[in-house]
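Here's the letter readout for the chains.
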Amino acid sequence: MIEEEMNLTELDIQENGIDDKGGSWLSCFPESFTSLEVLNFANLSSDINFDALERLVGRCKSMRVLKLNRSVSLEQLQRLLVNAPQLAELGTGSFSEELTFRQYVELESALSNCQNMHTLYGLWDAKGIYLPALYPVCTHLTFLNLSYAALRSDELAKLLAHCPRLKRLWVLDTVEDKGLEAVGLNCPLLEELRVFPADPFDEEIIHGVTEAGFVAVSFGCPRLHYVLYFCRQMTNAAVATIVQNCPDFTHFRLCIMNPGQPDYITNEPMDEAFGAVVKTCTKLQRLSVSGRLTDLTFEYIGRYAKNLETLSVAFAGSSDWGMQCVMGGCSKLRKLEIRDCPFGNAALLSGLEKYESMRSLWMSACNVTMNGCRLLAREMPRLNVEVMKEDGSDDSQADKVYVYRSIAGPRRDAPPSVLTL
Amino acid sequence: MQGGGGGGSESGSMSTVSRDENMVVSSEDSSCPDESGLELGLGLSLGGGGGGGGGGRQGGGFKMHHVSKGGPYARILTAKDFPSSSLSSSSSSSSSSPSLSKANVTAGTKRTAESVAVAANGSSQVVGWPPIRAYRMNSMVNQAKVLTMENHKKETSMVENSSIGGYRNDGNTKLKKSTFVKVNMDGTPIGRKVDLNAHESYEKLAKTLEDMFLETAPSVNPSGSTALQLDMLNRMTRHSKLLDGSSDFVLTYEDKEGDWMLVGDVPWEMFLTSVKRLRIMRKSEATGLAPR
C-alpha cells in the first residue's frame, strides 16, 4: 500500500494491536516521498527500523503529527525531534530508559525547539526525573495524555505547574487525590479530564482517586465539560457539589469500580448523585452511571436528561420501570447499552416505537427472554433483533440482545452464535 | 443486615454468612451494598476487599491429618489421594463462601450463565468490567511489569475484544487475571513460577510441576533418541503422578487467608481465586492427612 501511495499524507495505525514482524514497512517509503503529515504507529507492538524512520521524519517537513510506539527510546526521540521542530502533536516512545546528563540536556533542548507543540501523548512508563525535560514544551500544551505514565501526585503537580493552558488531561489514578488537587490549582482552562485506573482488578489495594479529587478539580476548573472518572468510592454530596461547580457537562462518565456500590458515607444508593447531574447539566449528551442505583435514578434521567444521546448502565435499577422511564423520557436517545440489570420484557417492549429513531440498543445479562425478543422482532420488522446466547444458559433467556434499525434486512455475515429474529 | 461501608474503610467485618439469606459477606468486604431494596433471587455482594489474610476466617479449611504411605516414585499428592470426608465438604462449603461472596452482583432475579460463570471466578473477573479498552489493558500489563512489586502476580492478560469504552458485555471479552504463582519444593532452594491460567485443570498443573521438579523415571532403560522419544511418550501418556495416589510429596497451596491447604479439594476455578502460592511438601511434614 505504501509503495503505491505517493501522495499519502496520513498513515494512522489505530488501536489494532497489530503485531507486525519487524519495521520493514518504514523502508517502503521511497526517498522522494515527502508528503506525510500524520504518522501514527503508537499501537504497533514490534520494533521498527529506526534509521528508516529518522530519514522519513527528516524529509517530511510538513509532518504535524508523529506518534511513536514503545520501541522508540528517549535517545532516538531526541534525534527525531531535532529534525522535526515543527511538530504539533507528539506521541513519545518509551520514556523510561537511563539517560546521561548530556543526553538529558539534548532532549530538553530538542523539545524546547518545538514551539508549535500543543499535544503530547505516549510517555510510556515515564520516570518522574525526566519529566522536567518536558517543561519547555508544556507552556503551549492543550492536550496532555499521561495515561500510560504511572506518576505520583508530586510528579504530576510539578509538571502541571508548567501547563497553564491545558484543556484536556488524561492521567492514571496513581496521581491520587493530591494530584487532582494540583489539576484544580494549575489548569483553570481545563475542559476534559480522564482518570484511568492503574490497577482495575486489584481488590486489595485501596489506592487511586476518590470523590475528593474530583471535587477539587471541579472547584478549580469551571469549564470542565467532559469527564471519565474511575474510582472506588463516591458520595451523592460530592457529585452534587461537582455539578454545581461545573454545570456545563456534556459527557459525564463515572465508573465506581465495584458494581452496585452505594454512597460510602451514607450507604444510600447513588440516585441523588445522578439526579443532580441530569437536573443541573442541561447540555448532557452522554452519561455513564455506576454504583448502587434504584429506579429513581432512571426516573430522574427520563424526566430531566432531555438532550441525552448515549446512556450506559450496568448493575443498576430495581425493575422494568427504570428502563421504561428512560425510554419514555429521553427523546433524543440514540444509543443505550445495558448490562446486568433487572430489566425484562416489559422494559424492552416499552421502547417499541423508539428503537427506530435510535442507533442501537444493547442489553446483556438482563431478564429479557426469547419470547420478548420475538415479539419485538415481529412488531417492528424494520429492526434487526439479534440474540446471542451463552453456553449453558436457560433456553428461554436472551442473554445478549442487540437491536438496531436496518433497511438492509438481517445481516448475512453473522457468526452462528448470533440469532437474528 | 449488615450494611457495608465504602471501599475505603476496613470495617473489619467478619467472614460469616450473613443472617440475611440474601447476602453473603466476604471476609474482607467492607463495601457490601444494602440490597434489601432489590429483588434478588440470590443477592451476592460484590466484595470490595480481597482475600488478604486478615478478618475472621471461616471455620478452618481442610486441615491435613495423616501422612499417607509413600510409594516408590517421586510424585506429588493432592486431595484426590485423601478420602473426601464430611470435614472437607463442610470446609469447602464454608471456604466457598468467600469466593462466591466476591461474586458479581446481578441485580436481576435471573442471571445468565455467563454472569454466573464469571461469579465463580471472583469479583474482579466480571467479564468486561470495569469498561476499559483492550489496548489500554495491554499497556497496563507492561506498566505492571515495570512497577512490579515482589509478589505482583495480578497481571492482566491479553484480551481478544474490548468493551468499547462502554458497557457492552461482549462474550469474547475475557479479562482474566493471569496468575503466576511461586512454587517451592522442600529441599530445593530455588523456586519456580507457574502460570495457573495456562493450565485448565489440576491434572495439567500437576504435570507441569512434575516436569519442573521431579525426575521422571523412564520405564525402560534404552539409550539414544529412542530413550528421548520413549520419555516423551511417557510424559504425555502417563497419568499424572500428582493425582495418582502414591508419592513422597504432597502438593499444597497457601490460600488468601494464609492457610496451607491440600491442592485438589475444590473445583479448579475456585482454586484459582484463592491460591497465592504452591509448595511441594514432603509427606513426612504433611502431618495429619488421612491416607486414601
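Everything below is about the structure shown above.
Residues numbered from 1 in each chain as written. Chains lettered and ligands numbered in written order. Predicted model: local features only at pLDDT ≥ 70, side-chain atom pairs only at ≥ 80, totals over all residues. Heavy atoms only, no water.

K.L.:
Explain the overall build of chain A to me, and be specific about the residues and the numbers.
P.N.:
Scanning chain A from N- to C-terminus turns up 13 helices and 17 strands. Going through the 421 residues of chain A one by one, you find that 61% of them count as buried. Contacts spanning at least 24 positions in sequence make up 69% of the contacts within chain A whose residues lie at least 6 apart. Surface summary for chain A: the accessible area is close to 16100 Å², and the carbon and sulfur share equals 50%. (Helix = DSSP H or I, 4+ residues; strand = E, 2+ residues; numbered from the N terminus. Buried < 20%, exposed > 50% of the residue type's maximum accessible area, 1.4 Å probe, protein only. Contact = heavy atoms within 4.5 Å. Areas by Shrake-Rupley, 256 points an atom, 1.4 Å probe, with all protein chains shown as cover.)

K.L.:
Break down the packing of helix α2 (residues 74–82) of chain A against helix α3 (residues 101–112) of chain A for me, citing the residues and quoting the values.
P.N.:
Residues and elements named next belong to chain A. Contact pair α2 / α3: the axes reach a minimum separation of 9 Å and the direction vectors enclose 35 degrees. Taken as a pair, α2 and α3 cross one another with a handedness that is left-handed. The segment α2 lies against α3, with Leu 74, Glu 75, Leu 77, Gln 78, Leu 81 and Val 82 engaging Gln 103, Glu 106, Leu 107, Ala 110 and Leu 111. (Axes fitted to C-alpha atoms, helices over the stretch in contact; angles between N-to-C directions. Left-handed = near helix turned anticlockwise from the far one by under 90°.)

K.L.:
So what about the side chain of His199(B)? Which residues, and what values?
P.N.:
Residues and elements named next belong to chain B. By the secondary structure assignment, His 199 is in the loop between β4 (188–195) and α4 (202–213). Separated by 2.6 Å, the side chains of His 199 and Thr 208 make a polar contact. If near-sequence neighbours (up to four positions away) are discounted, His 199 is found in contact with Lys 204, Leu 205, Thr 208 and Trp 268. (Polar contact = N/O pair within 3.5 Å; in protein donor to acceptor, adjacent residues only side chain to side chain.)

K.L.:
Describe the packing of aromatic side chains, listing the residues and the values that go with them.
P.N.:
In the structure shown here, the tally under the stated rule is 19 aromatic pairs over all chains. With centroids separated by 5.4 Å and ring planes inclined at 80 degrees, the aromatic side chains of Tyr121(A) and Phe143(A) adopt a geometry described as edge-to-face. Taken together, the residues Tyr121(A) in strand β5 (residues 119–121) and Phe143(A) in strand β6 (residues 143–145) connect sequence positions 22 residues apart. Phe143(A) carries the same exposure label as Tyr121(A), and that label is buried. The structure contains a cluster of three or more aromatic residues connected by ring pairs, namely Tyr121(A), Phe143(A), Trp170(A), Phe196(A) and Phe230(A). Of note, Arg136(B) hangs over the ring of Phe196(A), and the distance from its end group to the ring centre comes to 3.5 Å. (Phe/Tyr/Trp six-rings, centres within 6.5 Å; stacked < 30°, edge-to-face > 60°. Lys NZ or Arg CZ within 6 Å of the ring centre and 35° of its normal.)

K.L.:
Could you give an account of the pattern of salt bridges, with specific residues and numbers?
P.N.:
Residues and elements named next belong to chain B. Overall, the coordinates contain 19 salt bridges over all chains when judged by the stated rule. Across the salt bridge formed by Arg 279 and Asp 186, the nearest N and O atoms sit 3.0 Å from each other. Taken together, the positions of Arg 279 in strand β7 (residues 275–282) and Asp 186 in the loop between β3 (177–185) and β4 put the pair 93 residues apart, joining distant regions of the chain. In this structure Arg 279 comes out as partly exposed when scored by relative accessible area, which is 23%. On the basis of relative accessible area, Asp 186 is assigned to the buried category, the value being 13%. Two residues, Glu 254 and Arg 277, come together in a salt bridge whose shortest N-O distance is 2.6 Å. (Salt bridge = Lys/Arg side-chain N within 4 Å of Asp/Glu carboxyl O.)

K.L.:
How would you sum up the pairing of strand β9 (residues 226–231) of chain A? Please name residues and give values.
P.N.:
Residue and element names in this part refer to chain A. Within β9, six of the six residues are buried, which leaves the element mostly enclosed by the surrounding structure. Inspection of the sheet shows strand β8 (residues 192–196) paired to β9 by four bridges, in the parallel sense. Across the sheet, Val 195 pairs through a bridge with Tyr 229, a residue of β9. Inspection of the sheet shows β9 paired to strand β10 (residues 251–256) by six bridges, in the parallel sense. From the neighbouring strand, Cys 231 faces β10, where its bridge partner is Ile 256. This β-α-β element, β9 to helix α8 (residues 236–245) to β10, shows right-handed connectivity. (Pairing = 2+ DSSP bridges. Right-handed = clockwise from strand over helix to strand, strands pointing away.)

K.L.:
Let's hear about the environment of Gln115(A): which residues, and what values?
P.N.:
All names here are of chain A. Here Gln 115 shows up in the loop between α3 and β5. Relative accessible area serves as the criterion here: at 43%, Gln 115 is assigned to the partly exposed category. Note: C-alpha distance between Gln 115 and Leu 141 (26 residues apart in sequence) is 9.8 Å. Each residue touching Gln 115, except ones within four places of it in the same chain, is listed here: Pro 85 and His 140. A polar side-chain atom of Gln 115 sits 2.6 Å from the main-chain carbonyl oxygen of Ser 112. Side chain to side chain, Gln 115 and His 140 meet in a polar contact 3.0 Å long.

K.L.:
Summarise the nonpolar core; cite the residues concerned and give the values.
P.N.:
Leu53(A), Phe249(A), Phe252(A), Leu287(A) and Ile301(A) are the most contacted members of the largest nonpolar core, which has 134 residues in total. Those residues in contact with Leu287(A) that lie beyond four places of it in its chain are Phe252(A), Phe274(A), Val277(A), Val278(A), Ile301(A), Leu308(A), Thr310(A), Leu311(A) and Ser312(A). By size, the runner-up hydrophobic cluster in this structure holds 23 residues, among which are Val183(B), Met185(B), Val194(B) and Leu272(B). (Core = buried A, V, L, I, M, F, W, Y, C linked by side-chain atoms within 4.5 Å.)

K.L.:
Outline the side chain of Ser290(A), listing residues and values.
P.N.:
Residues and elements named next belong to chain A. Within the secondary structure, Ser 290 sits in the loop between β11 (286–288) and α10 (295–304). Residue Ser 290 is classed as buried on the basis of its relative accessible area, which comes to 1%. Within the local environment of Ser 290, its side chain forms a polar contact with the backbone oxygen of Leu 254, the two atoms lying 2.7 Å apart.

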